[in-house]
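# Residue-level structural notes
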Amino acid sequence: MKKDIRDFHNETCFIDIPESFYHEENLLEDMIQSVIWDTATYQKMKKLFHKKSVSCIKKTYQNQISQEYYLWQSYTPIKEVFHVLNYTPYVNLEALVFPWMSLEFSANDIEINIFDNNSAYIVWQEEVIRKNVYYYFSHYDEQSIKENMKNTIYPFTQKDIDFLVSWLKYQRDDWVVLVWKKKKADTIYFTRINFLGFLKFIKEFWWEKYIWNFVFKNSSFLKYYVFDIALEYVHDWHTMKVTKTSIYGLT
């Protein structure tokens, strides 16, 4: 039986599940909600922007949690978003042209990001500053991914790169990989990781505290799902360190 769990980069993402395991809800939503510390904001975003946004939960290696929501401008008027949040940005975003934006909620602030197809920009006070540059890779392009990741001023070793791309073997055939370059860090993003790869991700980056109970309880269903994850990494004291990891789901 086919079930559509949607996808960050595509409107549809079908998984095959046995008929006896069919369920209406999307367990990715429930999993994300089980992690989120700011439940009130999550519920508000889910209620008002359901199926018009993607949620992301992030965790640093120091276990600082933040949540981010990606919204498509064509689906969700900017004015409506900020009216709901009772928030007024310094920059008149309605005067700018961009396909999508994100709102990241940390402990003390809201960070606004806007995106075009190849870059991300942070809305900082009264300025819009380029933050990331994106590189897209598709099927079976592992060598190009590695070459792109090596193209940096930081001396990442082959062992570092091999570790970071090791999740490739857990991806479905219709996978996508993004590498994005930041000022002080790089990130690699994988779509449609299978359940085995997701379990490795959970254990490798200390997510057990936040989602292990949910994943264990729902493992018979989740083993048919696919997952989107991202690893942010830096070069620190002559070694590569993964400083932040993210899990993407739906609001």
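Here the structure is a predicted model, which means the values were calculated and not measured.

A few words on the side chain of Thr243. Note that Thr243 resides in strand E12 (residues 239-250). With residues up to four places along the chain from it excluded, the contact list for Thr243 reads Lys59, Thr60, Tyr61, Glu232, Tyr233 and Val234.

What follows covers the environment of Tyr225. Take Tyr225: it is sitting in the loop between helix H8 (219-222) and strand E11 (227-236). Measuring from C-alpha to C-alpha, the distance between Tyr225 and Ala107 comes to 31 Å, with 118 residues separating the pair along the chain. Setting aside residues up to four positions removed in sequence, Tyr225 forms contacts with Lys3, Ile5, Ile15, His23, Glu25, Asn26, Leu27, Leu28, Ile193, Asn194 and Phe195.

Applying the stated criterion to the full structure yields zero disulfides. In this structure Cys13 is not part of a disulfide, and its nearest cysteine sulfur, from Cys56, lies 17 Å away. For Cys13, a relative accessible area of 2% gives the class buried.

In the predicted model, the protein chain carries a mean pLDDT of 88, and the fraction of residues at 70 or more is 97%. Between the elements of the protein chain, mean pLDDT differs from a low of 78, seen in helix H2 (residues 39-49), to a high of 97, seen in H8.

What follows is about the sheet that holds strand E5 (residues 100-105). One closed barrel holds the 10 strands; their spatial order is E3-E4-E5-E6-E7-E8-E9-E10-E11-E12, and the pairing between them is antiparallel. Neighbour-to-neighbour, the strand axes of the sheet open up by a mean angle of 25°, direction not taken into account. Here strand E8 (residues 127-137) pairs with strand E9 (residues 177-181) via five bridges, running antiparallel. Along E9, the bridge assignment pairs Phe137 with Val177. Sitting on the sheet, helix H1 (residues 27-35) touches strand E3 (53-60), E11 and E12, and the angle it makes with E12 is about 125°. Running at roughly 10° to E9, helix H4 (residues 142-150) makes contact with E8, E9, strand E10 (186-193) and E11 of the sheet.

Calculation criteria
- Residues numbered from 1 in each chain as written.
- Predicted model: local features only at pLDDT ≥ 70, side-chain atom pairs only at ≥ 80, totals over all residues.
- Heavy atoms only, no water.
- Helix = DSSP H or I, 4+ residues; strand = E, 2+ residues; numbered from the N terminus.
- Contact = heavy atoms within 4.5 Å.
- Disulfide = S-S within 2.5 Å.
- Buried < 20%, exposed > 50% of the residue type's maximum accessible area, 1.4 Å probe, protein only.
- pLDDT = per-residue confidence, 0-100.
- Pairing = 2+ DSSP bridges.
- Axes fitted to C-alpha atoms, helices over the stretch in contact; angles between N-to-C directions.

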